[in-house]
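Architecture at a glance
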Amino acid sequence: MKKEDIERMRLLYSEMDGAYDALAGKYGFSCDGCEDNCCTQRFYHHAVAEYFYLLEGIKKADPELREQIFRKSMVVTESYWHEVQAGEVFKLMCPANFDGLCSVYEWRPMICRLHGLPHHFTMPDGTVRKSGGCPRTNDDSNGLLDRTPFYKELAEIEKSMREDMNYRQRFKKTTAQMFVDMQMELEMEEG
Ligand code: SF4
């Protein structure tokens, strides 16, 4: 990943975190003590920019931690196949979560940063979509987080990176699937 793309992603995430924290403060919202850990939710990530930013974090991680994340990712992704046979969706913890905490916090994807607060965003055609927060913020009395500028900036970084890489495939992966890909990518790099 080019240094300028890393910097753009770092800045984007920092702006997201700032806006999120400001609104969370108005709600008095905190994840502390929540038993419904949202790291078990089946979030899909759609940007290769986020994949490569997370990969930067994985490269910097302690090798033992990285191996543990990769091992857990194999178990989680294998469970997806068992789900198909069972005909139900299992509640599976993200492989980067250890004892309730994110081990790649600085590098975590967008939805991990924005989940929980009521929000809205404006589609390119001008349609506004609204959505509530998690059960801890089940009203919107203190306002909504406007995700529009974040989605727009991520889309621009994504477009630029895809053009640079000539990457044309659709991207839709869970964190576990991304970590499995990263393991293969790093093994190929190491030969
Ligand atoms: S990357 Fe971190 S914050 Fe996101 S689901 Fe995994 S453990 Fe949770």
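Residues numbered from 1 in each chain as written. Predicted model: local features only at pLDDT ≥ 70, side-chain atom pairs only at ≥ 80, totals over all residues.

Quick look at the nonpolar core
Selection criterion: In this usage, the nonpolar core is the set of buried Ala, Val, Leu, Ile, Met, Phe, Trp, Tyr and Cys residues whose C-beta atoms join them within 7 Å. Whether a residue is buried, exposed or partly exposed follows from its count of other C-beta atoms within 10 Å of its own C-beta, namely 20 or more, 12 or fewer, or something in between, respectively; the C-beta atoms are built from the backbone. Every helix listed is a DSSP run of H or I at least four residues long, and every strand listed is a run of E at least two residues long, numbered separately from the N terminus. Whether two residues are in contact depends on their C-beta atoms, placed from the backbone: they are in contact if these lie within 7 Å.
With 25 residues, the main nonpolar core has Met9, Leu12, Ala49, Leu54, Leu154 and Ile157 as its most contacted residues. Breaking this core down by element, the ones donating at least two residues are α1 (3–27), α2 (48–60), α3 (63–86), α5 (148–165) and α6 (175–190). With 6 residues, α2 is the single largest residue contributor to this core. Dropping the residues within four chain positions of it, Ile157 is found in contact with Asp5, Arg8, Met9, Leu12 and Ala49.

Description of α5
Stated formally: Multiplying 1.5 Å by the residue count of a helix minus one yields the expected span of that helix. Taken from the helix axis, the directions to the C-beta atoms give the arc we talk about.
Here α5 is 18 residues long and its end C-alpha atoms lie 26 Å apart, about the 26 Å a rise of 1.5 Å per residue gives. Listed in full, the buried residues belonging to α5 are Phe150, Leu154, Ile157 and Met161. The buried residues of α5 occupy an angular sector of 65 degrees when the element is viewed end-on, so they sit on one face. Among the exposed residues of α5, those oriented more than 90 degrees off its buried face are Lys159 and Glu163. Against α1, α2 and α4 (110–114) lie the buried residues of α5. Just downstream of α5, Asn166 is the residue with a positive phi angle, here 55 degrees.

Some remarks on the packing of α3 against α6
Convention followed: In this analysis, axes come from line fits to C-alpha atoms, helices being fitted only over the stretch in contact, and the angle between any two N-to-C directions falls in the range 0 to 180 degrees. Convention used here: angles under 35 degrees read as roughly parallel, angles over 145 as roughly antiparallel, angles from 65 to 115 as roughly perpendicular, and any remaining angle as oblique. Two helices cross in a left-handed way if the nearer one is turned anticlockwise from the farther one by less than a right angle. They cross in a right-handed way if the turn is clockwise.
Between α3 and α6, the least distance of the axes is 8 Å, while the angle of their chain directions is 125 degrees. Here α3 is positioned oblique relative to α6, judged by the angle of their axes. Considering the relative orientation of α3 and α6, their crossing is left-handed. Touching Ile69, Phe70, Ser73, Met74, Val76 and Thr77 of α3 are Ala176, Gln177, Phe179, Val180 and Gln183, all from α6.

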